[in-house]
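Breakdown of the fold
Single-letter residue listing:
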Amino acid sequence: MNVLKEKGIPLEKQIRTWNDIVKRPYNRFDVDNYSRTRQILLNGIEVESWGFKHAFVRKCSDSDLNKVLVNIRRIEDMQQTTVNWLCPVNQTVLDTTLGYEQVAVDLTAWLAQNEPDEYVKEAFNFGLLEDFDHLYRYAQFAYMIEETDPNEILHEMTDVTLARPTQYHHNDNAIRIRIPYDKDKTSPITKVNILTLVSAEQQTHNFYAEHGFMYGNRDLKRLYAEICDIEEEHVTMYESLIDPNESWFEKWLLHEFTEVCNYYNCYKDEVCDKLKMIWEEMFQMEIEHLKIAAEMFEKYEQRDPEEIIGTELILPCHFESQKEYVTNIIENEVDKRLCGDLHYKKVNELSEDWPSYKVQECVNKDGAPSEKAVRLAKKSIGRDIACADKKLLDKQAELLERSLEPKYQAPNTVKPEKYEKFKKIPPLEFLNE
Ligand SMILES: [Fe+2]
Ligand SMILES: [Fe+2]
Ligand SMILES: [Fe+2]
Ligand SMILES: [Fe+2]
């Protein structure tokens, strides 16, 4: 489908009543887990598109152009309200948090497998393992604070166990920066993939920053602070892959195209009729936004928008279980670290003066909240909360052993010997409890 030739909803008809803007939320108990991940992701996509237009208008002295931008921006804002507020009031912050990390794991795995640029793919796989470990750390608290079985949210589509430990995701921010793609040589699929992931990670950061304080438990609050900081690193890493030489019009075009592609993909995959109708309506709105961005691109840059977005739709967010792919990445990359030369190293190759040591020694000096999470669960049930194939669970000690840094471990690190003991205790069976 060449979306530039499709008909959307005219912009003047995109202003809706409050009843249309605020829909009835989905049901926490019977929503499909991937309907939830679509809702979480599309909210992030809208926030990015809205924030981008604010930055654009602040840089732009052309009042005619600003009038166009502010009118579309208002619609993005209304769309964001519609999408975000589909989340029901009885879905707790921790429930939603498990949903956010499920988005990060299964979306990143999908993107990595469909990414033609090997360097970008490697960055996706690297970040994937970190979000996978976040899910594990949060699951400890979801059980301890709210007695939640992680599969009430994940529906057994995503495993819960350790990967590269969260205490090691803290870096000197400068070594997160990657090499940007070349805007003139890179395919639209790579550009859309990256922008989709940047939007998801940025929104994850914002959600933790704005909700972590809502729990009175000091250890959980500190875990939110710890992981919020890592999501900031993830945004730093993924956004640095974008060519900074793209013009504002080029970026605008890519933002609208990314919205079109994500809504189309969600519409196509959606199993809930009510949500499917919403994604379809939003898709038709975005077609019009894209058309306007394309006209502006032609007018101001005298270039053909197809040079940037091509003629085909892209599917950047198909959700399905990625357990096998993720297990494979865990086994191959658990001991990988970022390196100052824009590439990666294994833990045993790190030099004494590796810049991230300093950061880790500082933030984890009094112990890492992500290690405390497992210690507290162990106190409560004798082992951690983990849901995965027995084969993978039995490898916890070995994987941890490989991923520990020789020079630095937080003082409260749960050691491989402890995980060795977990093998003898069956994982908590929520149904039989
Ligand atoms: Fe939008
Ligand atoms: Fe995460
Ligand atoms: Fe992340
Ligand atoms: Fe838009």
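Check the entry above for the structure.
First things first, this report covers the structure right here in the doc.

Cut-offs used in this document
In this numbering scheme, every chain counts its residues from 1 along its sequence in written order. Throughout, the order in which chains and ligands are written sets their labels, letters from A for the former and numbers from 1 for the latter. Two thresholds apply to this predicted model, a pLDDT of at least 70 for residue-level local features and 80 or more for giving and counting side-chain atom pairs, whereas whole-chain, interface and lining totals are computed over all residues. Helix and strand definitions follow DSSP, with helices as H or I runs of at least four residues and strands as E runs of at least two, each counted in order from the N terminus. Throughout, the radius of gyration refers to the C-alpha atoms, and the reference size of a globule is 2.2 Å times the residue count to the power 0.38. Working definition of a contact: two residues with C-beta atoms, positioned from the backbone, lying within 7 Å. The term nonpolar core means buried Ala, Val, Leu, Ile, Met, Phe, Trp, Tyr and Cys residues held together as one set by C-beta atoms within 7 Å. Think of it as a crowd count around each C-beta: if 20 or more other C-beta atoms lie within 10 Å the residue is buried, if 12 or fewer it is exposed, and in between it is partly exposed, with C-beta placed from the backbone throughout. Fitted lines through C-alpha atoms give the axes, limited to the stretch in contact for helices. The angle between two N-to-C directions lies from 0 to 180 degrees. In this scheme, roughly parallel covers angles under 35 degrees and roughly antiparallel covers those over 145, while 65 to 115 is roughly perpendicular and the rest are oblique. When the near helix sits turned anticlockwise from the far one by under a right angle, the crossing is termed left-handed; a clockwise turn instead gives a right-handed crossing. Each residue gets one of three labels, nonpolar for Ala, Val, Leu, Ile, Met, Phe, Trp, Tyr, Cys and Pro, charged for Asp, Glu, Lys and Arg, and polar for the others, Gly among them. An expected span of 1.5 Å times one less than the residue number is assigned to each helix.

**Digging into the overall build of the protein**
Assigned secondary structure in the protein consists of 17 helices and 2 strands. Its C-alpha radius of gyration of 22 Å places the protein within 12% of the 22 Å reference for a compact globule of 433 residues. Principal-axis analysis of the C-alpha atoms places the extent of the protein at approximately 65 × 50 × 35 Å. Residue pairs in contact within the protein that sit at least 24 positions apart in sequence constitute 84% of those at least 6 positions apart.

**Some thoughts on the nonpolar core**
Generally speaking, soluble globular proteins have nonpolar side chains that are buried together. Membership of the largest hydrophobic core comes to 105 residues, with the highest contact counts inside it found for Leu107, Leu128, Ala139, Leu253 and Val260. Per-element accounting of this core gives the leading share, 15 residues, to helix H5 (residues 118-146).

**Topic: the packing of helix H7 (residues 188-211) against helix H8 (residues 218-239)**
Relative orientation of the contacting elements H7 and H8 amounts to 160°, with a least axis distance of 8 Å. Comparing their axes, H8 and H7 come out roughly antiparallel. As for how H7 packs across H8, the hand of that crossing is left-handed. On H8, the residues that touch Ile194, Leu197, Val198, Glu201, Gln202, Thr204, His205, Tyr208 and Ala209 of H7 are Tyr224, Ile227, Cys228, Glu231, Glu232, His234, Val235, Tyr238 and Glu239. Taken together, the residues that form the contact of H7 with H8 break down as 10 nonpolar, 4 polar and 4 charged.

**Notes on the environment of valine 160**
Locating valine 160 in the fold gives a position in the loop between helix H6 (150-154) and H7. On the neighbour-count criterion, valine 160 (26 C-beta atoms within 10 Å) is buried. Separated by 24 residues in the primary sequence, valine 160 and tyrosine 136 have C-alpha atoms spaced 5.1 Å apart. Apart from the residues lying within four places of it in its own chain, the contact partners of valine 160 are Leu135, Tyr136, Ala139, Pro150, Ile385, Ala386, Cys387 and Ala388.

**Concerning the environment of aspartate 133**
With respect to the helices and strands, the residue aspartate 133 is situated in helix H5. Of the residues examined, aspartate 133 has 26 C-beta atoms within 10 Å and is grouped as buried. Placed 29 residues apart in sequence, aspartate 133 and leucine 162 show a C-alpha to C-alpha distance of 5.2 Å.

**Structural notes on the packing of H7 against helix H9 (residues 248-269)**
Here H7 crosses H9 at 80°, and the two axes come no closer than 10 Å. As far as their axial angle goes, H9 and H7 are roughly perpendicular. Residues Lys191, Val192, Leu195 and Thr196 of H7 form the contact with H9, whose own contacting residues are Leu254, His255, Phe257, Thr258, Cys261 and Asn262. Split into classes, the residues belonging to the contact of H7 with H9 amount to 5 nonpolar, 4 polar and 1 charged.

**Structural notes on H8**
With 22 residues, H8 extends 32 Å from end C-alpha to end C-alpha; this agrees with the ideal 32 Å at 1.5 Å per step. Those residues of H8 hidden inside the fold are in contact with H5, H7 and helix H14 (369-381).

**Regarding unusual backbone geometry**
The phi torsion at glutamate 147 lies on the positive side, around 55°, for a residue other than glycine. Secondary-structure assignment places glutamate 147 in the loop between H5 and H6. Positive phi is not limited to glycine here, since histidine 155 has a value of about 55°. Along the chain, histidine 155 falls in the loop between H6 and H7.

**Re the environment of isoleucine 194**
Examined against the element boundaries, isoleucine 194 turns out to sit in helix H7. Accessibility expressed as a C-beta count within 10 Å gives 28 for isoleucine 194, which makes it buried. The sequence separation of isoleucine 194 and phenylalanine 124 amounts to 70 residues, and the corresponding C-alpha distance is 9.0 Å. Other than its neighbours up to four places away in sequence, isoleucine 194 contacts Val120, Tyr238, Leu241 and Ile242.

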